[in-house]
Amino acid sequence: MANTDNLTGINDGNRQMKTSDKELSTKPAAEVTEILESFSLSKSNLQEISQLMRQNMDRGLNSATNASAIVKMYPSFVRSLPDGTEKGDFFALDLGGSNFRVLLVQLLDGDVKMKSKIYKISQETMTGTGEQLFDSIADSLAEFKAEQGLGDTDLPLGFTFSFPCKQMGLATATLVKWTKGFTASNVEGKDVVQLLKEACKRKNVNLQIVALVNDTVGTLMSCAYSCRDAYIGLILGTGTNACYMEKLSDVGTWTGDDKEPREVIINMEWGAFGDDGCLDDYRTEFDREMDGLTLNKSKQLYEKMISGMYLGEIVRLALVKLGSSGHLFGGKVSEDLKTAWKFETRFLTDIEGDASSENAECRSILTNLGLTTSPSDLTIVRSVCVAVSTRAAKLAVAGLAAVISKIGLNELTIAVDGSLYKKHPTFKPNMEQFLKELVPSVSVKLMLSEDGSGKGAALVAAVAARLSS
Ligand code: BGC
């Protein structure tokens, strides 16, 4: 793919070879350059991807095309952002990755107090039966309530469930398909609120579930509690997704009432963008190989180029290829590097965050993986990490540019949460730079919505309580 008009942005992946590095006195081998180039995206590539996203959004919103649409644009049934007057005590549950959280959220005059506890969800529970999964959620809720001295108390509860769900109401939601390594049986096609209620009944836990929300929606809600111009919620963590506030008149699939407020938050489920092959020209051999190793092959292809669950594996596959062809590690690829998923995305964060000229962090990570490295190996490995993370930031921005153009405001804030965004050293500045270049006429602010997904579920419950009182 021609990349003549590459964004001028900082840290452009394949331009990251530090030419000043003394150790890299010769030019990198053609294969190294070729691999780095394969991750490169030009400004016109991003504009094209952005337009494709926009077309997919329109297909998802239109009732005539929604059935075959890839980006489903699910109405969340959340119609109002918080206005800061919400108050009361709420429980929240947050399930979206290998950690599950139970929270007690207290809202008062724009202030939020939270107590929470994290429970690990084992691989067996993620891939076992739905009954086991929901029973373990009910057990954790019971334990948390007891620890808080609220054993029998029946506070309203918001459930953040961060998987693609078709909602029929605020507290009715069918799981369409699992993502992010979950495969628990007998859940797809079922109402997850019902499954939680049944588990709580089996375990004798009182439950008053008033809302089910996606983590993007929670993130937007929690930011909007203090920030008036937040219109988009974005997650860049294990998975990726976005939501935004849309006019009811543009939501052809809307089945709810037409009363004020005539708008609704749309959970885009943008991770599935590309599942019809429209991003195939931009996917590399490593994207394809990594996809083949996942439990949801050929699904969530945009998510798999962007989010934390996958970036490390893409880098690992590129390093294995370069090692096997003698361009890295003296041609010796260790067993650890040959092992799928062994190169974690946090390694990209550590390697790219190391400002020392010796790439000491990179050396230590590779040594721990049983590899012998030369200084030029370290430079190349770092460049591969930068290329993969830069591409991810660019792709996320291409998607955001489509949403920003749909919203049509001159100024707005995007509420963001997720480990990749929070921990990676250049993800945020890269996104800011690319946003400036891709949507120069709109002033866009990225705002961290710390703990958004848990807090947001309580806020949805609180707004529902405010509107019904
Ligand atoms: C899920 C989304 C979620 C995103 C971020 C994706 O895999 O489909 O529902 O919002 O991950 O957690």
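Computed from a prediction, not measured in an experiment: that's the story for all the values here.

Moving on, we come to the overall build of the protein. Secondary structure assignment for the protein yields 16 helices and 13 strands. If one aligns the C-alpha atoms of the protein with their principal axes, the spans along those axes are about 70 × 45 × 40 Å. Across the 469 residues in the protein, those meeting the buried criterion constitute 57%. Restricting the contact set of the protein to residue pairs at least 6 apart, pairs at least 24 apart contribute 72%. Here the protein has roughly 18,500 Å² of accessible surface; of this, 48% comes from carbon and sulfur atoms. Measuring between centres, the 51 positive side-chain charges of the protein sit 1 Å from its 60 negative side-chain charges.

The next subject is the domain arrangement of the protein. What the domain assignment lists for the protein is domain 1 (1-76 + 226-449) and domain 2 (77-213). Here domain 1 and domain 2 have C-alpha centroids that lie 29 Å from each other. Among the residues of domain 1 in contact with domain 2, Tyr-74, Ser-76 and Leu-295 are the three that bury the most area, contributing 28% of the side total. Counting the contacts that link domain 1 with domain 2 gives one salt bridge. Among the salt bridges present, the one from Arg-79 reaches Asp-257, with a minimum N-O distance of 3.4 Å. For the pair domain 1 and domain 2, the interface holds nine residue pairs in polar contact (both at pLDDT 80 or more). At the level of secondary structure, the elements contributing two or more residues to the side of domain 1 that touches domain 2 comprise β1 (74-75) and β11 (263-267). Broken down by element, the residue count for the side of domain 1 that touches domain 2 peaks at three residues, all from β11. Of the residues that constitute the side of domain 1 that touches domain 2, the class distribution is 13 nonpolar, seven polar and nine charged.

Further remarks concern the packing of aromatic side chains. This structure, assessed with the given rule, holds 13 aromatic pairs. Taking 4.8 Å as the distance between ring centres and 40° as the angle between the ring planes, the aromatic pair formed by Phe-77 and Trp-254 counts as tilted. In this pair, Phe-77 is assigned in the loop between β1 and β2 (88-95) and Trp-254 in the loop between β10 (240-247) and β11, connecting sequence segments 177 residues apart. Residue Phe-77 shares its accessibility class with Trp-254, and that shared class is buried. Measuring from centroid to centroid gives 4.9 Å for Phe-163 and Trp-178, while their planes differ by 85°, and the two rings are edge-to-face. Of this pair, Phe-163 sits in the loop between β5 (156-161) and β6 (165-169) while Trp-178 sits in the loop between β7 (172-175) and α5 (192-202), placing them 15 residues apart in sequence. Given the relative accessible area of 5%, Trp-178 is considered buried. Among the aromatic residues, those joined into a ring-pair cluster are Phe-159, Phe-161, Phe-163, Trp-178 and Phe-182. Across the ring face of Phe-163, the terminal group of Lys-180 is positioned such that the distance to the ring centre comes to 4.7 Å.

With respect to spatial proximity, 14 residues lie near the ligand, and among them Thr-179, Asn-214, Asp-215, Glu-269 and Glu-303 are the closest. Between the ligand and Phe-163 there is a distance of 3.3 Å, counted from an oxygen atom to a backbone nitrogen or oxygen. Take Asp-215: an N or O atom from its side chain is 2.6 Å from an oxygen atom of the ligand. Relative to its free-state accessible area of 310 Å², the ligand is covered by the protein chains to the extent of 98%. By residue class, the composition of the shell around the ligand is three nonpolar, seven polar and four charged. Mapping the shell around the ligand onto the domain boundaries places at least three of its residues in each of domain 1 (1-76 + 226-449) and domain 2 (77-213).

Take the sheet that holds strand β3 (residues 99-108) next. Taken together, five strands build an open sheet; the order of strands is β4-β3-β2-β5-β8 and the sheet is mixed. Each end of this open sheet is capped by a strand with a single partner; those strands are β4 (111-120) and β8 (208-213). This sheet shows a mean twist of 20° between the axes of neighbouring strands, independent of strand direction. Strand direction decides the pairing type here: β5 and β8, joined by five bridges, are parallel. Across the sheet, Pro-156 pairs through a bridge with Gln-208, a residue of β8.

Criteria and thresholds
- Residues numbered from 1 in each chain as written.
- Predicted model: local features only at pLDDT ≥ 70, side-chain atom pairs only at ≥ 80, totals over all residues.
- Heavy atoms only, no water.
- Helix = DSSP H or I, 4+ residues; strand = E, 2+ residues; numbered from the N terminus.
- Buried < 20%, exposed > 50% of the residue type's maximum accessible area, 1.4 Å probe, protein only.
- Contact = heavy atoms within 4.5 Å.
- Areas by Shrake-Rupley, 256 points an atom, 1.4 Å probe, with all protein chains shown as cover.
- Lys, Arg positive; Asp, Glu negative; His and termini not counted.
- Charge placed at Lys NZ, Arg CZ, Asp CG, Glu CD.
- Domains from an automatic or database assignment.
- Buried area = accessible area lost by both parts, 1.4 Å probe.
- Salt bridge = Lys/Arg side-chain N within 4 Å of Asp/Glu carboxyl O.
- Polar contact = N/O pair within 3.5 Å; in protein donor to acceptor, adjacent residues only side chain to side chain.
- Nonpolar A, V, L, I, M, F, W, Y, C, P; charged D, E, K, R; others polar.
- Phe/Tyr/Trp six-rings, centres within 6.5 Å; stacked < 30°, edge-to-face > 60°.
- Lys NZ or Arg CZ within 6 Å of the ring centre and 35° of its normal.
- Near = heavy atom within 4 Å.
- Pairing = 2+ DSSP bridges.
- Axes fitted to C-alpha atoms, helices over the stretch in contact; angles between N-to-C directions.

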